[in-house]
Structures are given as structure tokens and as C-alpha cells.
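Given next are the chains, with one letter for each unit.
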Amino acid sequence: MNDNDRKLGPTLLKADNISLAFGGVKALTDISFEVKEREVLAIIGPNGAGKSSMLNVINGVYHPNAGSVTYKGTVRQQMKPHEAAKQGIARTFQNIALFKGMSVLDNIMTGRTLKMSAGFLAQCLYVGRARNEEIEHRKKVEEIIDFLQIQSIRKTPVGRLPYGLQKRVELGRALAAEPTLLLLDEPMAGMNIEEKEDMSRFILDVNDEFGTTIVLIEHDMGVVMDLSDRIVVLDYGKKIGDGTPAEIRNNKEVIDAYLGVSD
Amino acid sequence: MFYREAGQFKTSYKADQAVFPIFQDKVFVAIWLLIGFVVIPMLANEYVFRAIFIPVIIMALAAIGLNLLVGYCGQVSLGSGAFMAVGAYAAYNFMIRIPDLNPLICFLLGGLSATVVGVIFGIPSLRIKGFYLAVATLALQFFTDWTFSRIDWFTNYTPSGSIAVQPVAVWGFVFDSPIRKYLLCLTVLVIFTIIAKNLVRGRIGRAWMATRDMDVAAEIIGIRPIFAKLSAFAVSSFFIGVAGALWAFVHLGSWEPLAFDINLSFSILFMVIIGGLGSIVGGMLGAAFITLLPLFLNQLPIWLGINMSTAMVSHLEYMIFGALIIFFLAVEPLGLARIWQITKEKLRLWPFPH
Ligand SMILES: Nc1ncnc2c1ncn2[C@@H]1O[C@H](COP(=O)(O)OP(=O)(O)O)[C@@H](O)[C@H]1O
Ligand SMILES: [Mg+2]
């Protein structure tokens, strides 16, 4: 990754000594790492290592017991998920969290909520801004639908879609917010090779074309090595590795704890 | 092949975003409006207006209102009777305490009063869900029952506790005959239906549905649960409050607190369940079904020439309701509206089944 320095910008997000416990379970212990603008950072580690918890801390679903998160230069102890959304943090979930009763189109449209501003009365009557912004945002949503190649299912209720497509729609919903920072929790879990390839391509394209910073959790080492600029390794809530894919591949502790087993 | 999309390519998102993007739907709606405003007034007699059309229309308004809350936003409420009571008594008090206030304005103020109560009693929804929330709204029901029968100020100190009102008169035009009442209610229903449709297909409707389907994900997108839930309570209570005012002033004419008791709350919830959760047309179908079923069951023994006691008929009514509720909850949670939709889909393909 020699072109990294050219591509990457200043630090976008910095986690400092984050600790999080659920009762007696220490999900995260003293975790620190940085994410640079336009970087693709992978978080890896065995099940229960605290990866999802880390994402939940970043976008405000969990509030850490200790430590702080610095995002765009502002330090915070905690914030609410909708505040994180307002600041440009979007995400997908390990277990798909789509709006099951709604169509693909409506799910992705919902991702644009924060960009809409029509007043209540205008919405009641569907006039003025309410009408104009529906049409304007629909255009943007159609771009996302084209990008993800899901044109043919745009009116389908998401509950009826196969798993792989649901994952894709969930990515679409996150993209609809045009996020600065995109958090992807196992976006390729349970997919076949072809679907994984598609998803990898989408993630790289998002990073390339829109300059979106991405933090992703993934188990497939091939995918992780291909996609990421840098990798953070967690094990039992502790950080045991942080570096480029090449560095991680040769990290003794990581190999012992994790890579050795799967490779 | 009556009903098909083929060949109707949308050349703009604007066209595709229209309320009824399919041409046949537009025609259907136009036909229904024609039937409602022209054909029925020409054919129906006074009894039919009074016993069927007027109550069905007002209940449809209430059911649409409740459906916005339960079906679209996923917040269970057993307080519809209470919201109707607030709408009715508030409208009454505005009318007698502010001279010469236009009755339609009074109805809207009744609806707004229900909105205020709805938002206050919606606050528990921020903490509790499902069954517990239903119980909290039930508390409201008992609270209004008590308030309107015990605090005489609300009934203007009438000795009996019941209220009788004059026919509604707007700018000298008196809605005294059944047909006039019918047209008034139908107009209100049409306007509110359009508003409901507009809301559910826009940002606020998506916020409600997102909160219903997956509240954590909704919040992560930037939808504040407090906003989504309380706005659903507000709009829903407004609809139900206005329905309550119409029910009292236009349908009943005179009433006492019992008119808005827990049974009414259950009826409206059943309308929503049987009609179809999360469907505007479902509210109408459910209201028609629940209002007409007792009338039908009363007639049935006569048509069949069977001698059946009234007690038996009303028992039968409860049993059939019970069975239907279980059927719809277990088998077809999307209710009559879904059956209606399936019929449309069949029509779309007809006569080629594939
Ligand atoms: N909401 C929660 N309540 C209790 N324990 C939790 C919760 N979320 C995560 N944990 C615990 O925290 C640890 C880390 O979980 P998680 O972050 O989901 O791991 P990973 O995503 O790496 O598999 C696990 O032991 C898990 O049981
Ligand atoms: Mg996880």
C-alpha cells in the first residue's frame, strides 16, 4: 500500500483508552486507535472479542465506562446515536437491521431523513417543499440503487429478499446518508463468494469515489487483506495488533491468537 | 387485465411518487368518490344513512387515526375511546363557552385537545412497549371515564350528566337531515384520508414505520424515537378526537360518558386489526366490517327463518368477533386490506394466471 500517504487525510476519528463492561463482562479494555480520513480500517478478532461493541461505542449506542472518542477534532465522552448520525456517521449491523415492512426504496429513502426539512403542514398536504424534496431525494436514492444494481427489486418489501440482497440494501440505506464515516459490521457474513466479491467492490468504490472513511468488521481474511489500508486486531476486549495488512500477517501475537487458527 | 401496470412506464420520479401511480387506481378512486358523493345520496334512505353510512364513516376516521399509531408506528393503544371522548367533550365546551364559534372549528379544537392528551399519554411509550404500553393507555381510558362523569364542569352541570346538542349549523346551513350529515362526515373523511396518505408516504411516515420495524436502526439513521412516537400519538389522537366530536355531535346528538367507554376502544382496535395494520384503506374496511357485522347477524335469523333470541344473537356476535380476531392475528395480520390487495393483484393478471 505505497499510495496510502497520498490517499489518506488527517485523523478523522480517534479512540482513546476506551473501556466498556457489561456487568462483569469486560467487552473492551483500554482500546486506542485512530482512523484517518479516506482510510479503510478493518477490525478483526474472534467472536466475542468486542468488535461490534467498538462500533457501538463509536456511534453512540453504547457509552464507554472510560476513555473518549475524538471525532472531527471534538472530544466526547458519549453521544446519542441520532447525534452521531447528524455528524455523518452511518452504519450497518451484524444482524441485518432493515425496516422489514418497508420496500427497498423506502428503506433507502429513510436513510436520507436528516437531509429533509419540509414542515409538518407541507407534509400533510404534500405541497411545496414536502413534494419537491421527495422528488429530489428520490433521484439520489435511484443513484444508489443503480450503484448497487438493485433496480429490479426497488419496490419489493425487504422482508421478502434473500439474505445477500438484504445486506446490500442495508449498505444502500447507510450510503443514502452520504456519510463521512461508514461503519460496516460483518457486511459479508453468510455470503457466497460471488456476493462477497460484489460487496467488496461496492465498498472499494464507495471509498474511492466518495472518499468515505470506512471501518469494517470482517472475518474473511482474504477480503480483509484486500480491502483494508490498516487492521486493528482485538482479542478478549484487548487490542493485540494494529498495522498494515503486511504487518499484521507477520505479527506473532496475532498469529498465535487468531490467524494461526484460521489459516 | 383490467388492472395492470404494463405499458405505464413512469418517465419521472414525480409520476412514480404520485399517490396512486397506477392509472386504474386513479379511476377506482374517482369511481368511489362518485359513488360516495352522488350515487349513494340518490339511492339510500334515511335509515341506511343513520344506521350504516354515518357510523361507518366516522368509525373509519377513528380507525385510520388509530392505524397511524398502531399499524404505522407500532405503538399499541387501548385509549381510542378516551381520545374520542376528549374530542367530543372538548368540542362541546368550546362551543358553549365561546359564543358563535364555528362548529367545524370546535371539532378541530376538540381534535387538538385530544392531541395534547395524546402526547402526554404517549410519553410512557418512550420507555415501555407492547403490552405494558397498552395498559398505560388503558389507564387513560379509565381516567377520562371518571373525569367526564364526575367533574360536572365538563358537562356544564347538566343534572343527568348527559349532553344534548342542536344539529350542527355552519354559516346558517343546518346539518339536520341524515343526508346532510352523511355528506358532512364523508367530506371530513376524504380530507383526513388524503392527509393520512400524504403523511405515510413522506418523511414522517417513514420515520413511524422505521421506528415500528427496528427502532435501534431508526435512531442510528437520525430518527429521534421521541419525535417519531410522540408525533404518531399527536396525529393519531387528532384524527380520533375529531372522530369523537363528529360521533357525538353528528351521529349521537345526545350522549353520556358511557358512549366512549372501553368497548369503543376495543371496537376501534378490532377495526384496525381486521381491516389491516398499516393500511389506510384497511381502516375503512375494518370500520365497515365491524359496524355492519352486528346488523347482518341480527338480520340473518330472519332471512333464514330461524327463531333466535336477541341474547343468542349478541353472544354469536362476540364469538364471531373472537374467531375473526384470532384468524386475522394468526393467519392474515395484514387484514382485509391484504385480501383486497391480493384481489387487485389477481385482477392485474386476469385472465392469465401467470
Ligand atoms: N448489550 C450487551 N449486553 C451484555 N453483554 C454484551 C452486550 N453486547 C456485547 N456484550 C458482550 O460483550 C462481549 C463482546 O461482544 P461483541 O462486541 O458483540 O463481540 P464481537 O462483535 O467481536 O463478536 C461479548 O462477551 C458479549 O457477550
Ligand atoms: Mg460482532
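Residues numbered from 1 in each chain as written. Chains lettered and ligands numbered in written order. Predicted model: local features only at pLDDT ≥ 70, side-chain atom pairs only at ≥ 80, totals over all residues. Heavy atoms only, no water.

Student: Would you explain the overall build of chain B in this entry?
Tutor: Counting its regular elements, chain B contains 14 helices and four strands. Compactness check: chain B gives a C-alpha radius of gyration of 21 Å against a globular reference of 20 Å for 354 residues, within 12% of the reference. Counting the 354 residues in chain B, one finds 48% classified as buried. Carbon and sulfur atoms make up 71% of the accessible area of chain B, which totals about 16,800 Å². (Helix = DSSP H or I, 4+ residues; strand = E, 2+ residues; numbered from the N terminus. Rg over C-alpha atoms; globule rule 2.2 N^0.38 Å. Buried < 20%, exposed > 50% of the residue type's maximum accessible area, 1.4 Å probe, protein only. Areas by Shrake-Rupley, 256 points an atom, 1.4 Å probe, with all protein chains shown as cover.)

Student: Could you clarify how one ought to interpret the site of ligand 1 in this entry?
Tutor: Residue and element names in this part refer to chain A. F22, V25, A27, P46, N47, G48, A49, G50, K51, S52, S53 and Y62 make up every residue found near ligand 1. Take G48: an N or O atom from its main chain is 2.7 Å from an oxygen atom of ligand 1. In this structure, K51 approaches ligand 1 through a main-chain N or O atom, which is 2.8 Å from an oxygen atom. For ligand 1, whose accessible area on its own is 560 Å², the fraction buried by protein is 63%. Within the residue set of the shell around ligand 1, elements represented by two or more residues are strand 2 (25–36) and helix 2 (51–58). (Near = heavy atom within 4 Å. Polar contact = N/O pair within 3.5 Å; in protein donor to acceptor, adjacent residues only side chain to side chain.)

Student: What am I meant to see in the interface of chain B and chain A here?
Tutor: Contact with chain B, which involves 29 residues of that partner, is made by 40 residues of chain A. Summed over both partners, the interface of chain B with chain A buries about 3,000 Å², with 62% contributed by carbon and sulfur atoms. Counting across the interface, chain B meets chain A through one salt bridge. Residue R206(B) pairs with E134(A) through a salt bridge whose shortest N-O separation is 2.9 Å. Here chain B and chain A share nine residue pairs in polar contact (both at pLDDT 80 or more) between them. Broken down by secondary-structure element, the contributors of at least two residues to the side of chain B that touches chain A are helix 1 (13–16), helix 7 (178–200), helix 8 (203–213) and helix 9 (215–221) of chain B. When residues in the side of chain B that touches chain A are grouped by element, the largest group, seven residues, is from helix 8 of chain B. (Contact = heavy atoms within 4.5 Å. Buried area = accessible area lost by both parts, 1.4 Å probe. Salt bridge = Lys/Arg side-chain N within 4 Å of Asp/Glu carboxyl O.)

Student: Whenever I open this one, the packing of aromatic side chains confuses me. Can you help?
Tutor: The description of an aromatic ring pair uses the distance of the two centres, along with the angle that the planes make with each other. All names here are of chain B. In the structure shown here, the tally under the stated rule is 22 aromatic pairs over all chains. Ring centres 6.3 Å apart and planes at 85° place the aromatic pair Y92 and W255 in the edge-to-face group. In this pair, Y92 is assigned in helix 4 (residues 80–97) and W255 in strand 4 (residues 254–255), connecting sequence segments 163 residues apart. Each member of the pair, Y92 as well as W255, is classed as buried. When the ring of F327 is compared with that of F328, the centres are 5.1 Å apart and the planes differ by 80°; the resulting orientation is edge-to-face. When its relative accessible area of 38% is taken as the criterion, F327 is described as partly exposed. The structure contains a cluster of three or more aromatic residues connected by ring pairs, namely Y89, Y92, F107, F148, W153, F154, F249, W255 and F260. (Phe/Tyr/Trp six-rings, centres within 6.5 Å; stacked < 30°, edge-to-face > 60°.)

Student: What is the right way to look at the nonpolar core in this model?
Tutor: Nonpolar side chains tend toward joint burial in soluble globular proteins. Counting residues in each nonpolar core, the largest one holds 100 residues, and the members touching the most others are M84(B), W208(B), F239(B), F249(B), W255(B) and F260(B). Discounting chain neighbours no more than four positions away, the residues touching F239(B) are L61(B), I64(B), G65(B), L68(B), F192(B), I195(B) and A196(B). Grouped together as the second largest cluster of nonpolar side chains are 45 residues, L105(A), V141(A), V158(A) and V206(A) included. (Core = buried A, V, L, I, M, F, W, Y, C linked by side-chain atoms within 4.5 Å.)

Student: Would you explain empty space enclosed by the protein in this entry?
Tutor: One pass over the full model with this rule turns up two cavities of 30 Å³ or more. When its volume is computed, the largest cavity comes out at roughly 50 Å³. Together, Q123(A), Y126(A), A130(A), E133(A), E134(A), N198(B), G202(B) and R203(B) line the largest cavity. Of all the elements, helix 6 (residues 128–147) of chain A adds the most residues to the lining of the largest cavity, at three residues. Tallied by class, residues from the lining of the largest cavity come to two nonpolar, three polar and three charged. Put simply, the second largest cavity is a space of about 30 Å³. Contributing to the lining of the second largest cavity are T92(A), K167(A), E170(A), L171(A), P187(A) and M199(A). (1 Å grid on protein atoms, 1.4 Å probe; cavity = no way out; pocket = protein on both sides within 12 Å on 5 of 7 lines; lining within 4 Å. Points joined across faces, edges and corners; volume = space filled by probe spheres on them. Nonpolar A, V, L, I, M, F, W, Y, C, P; charged D, E, K, R; others polar.)

Student: Explain the pairing of strand 7 (residues 181–185) of chain A to me, please; I cannot follow it from the model alone.
Tutor: When a strand is regular, its side chains alternate between the sheet's two faces. Residues and elements named next belong to chain A. Most of strand 7 is tucked away, with five of its five residues classed as buried. Burial along strand 7 is two-sided: L181, L183 and D185 facing one way and L182 and L184 facing the other are all buried. The pairing of strand 6 (residues 89–92) with strand 7 spans four bridges and is parallel. Along strand 7, the bridge assignment pairs R91 with L183. Where strand 7 meets strand 8 (residues 213–217), five bridges bridge the pair, whose relative direction is parallel. Paired with L181 across the bridge in strand 8 is T213. Tracing the backbone out of strand 7, into helix 8 (residues 193–210) and back to the parallel element strand 8 gives a crossover that is right-handed. (Pairing = 2+ DSSP bridges. Right-handed = clockwise from strand over helix to strand, strands pointing away.)

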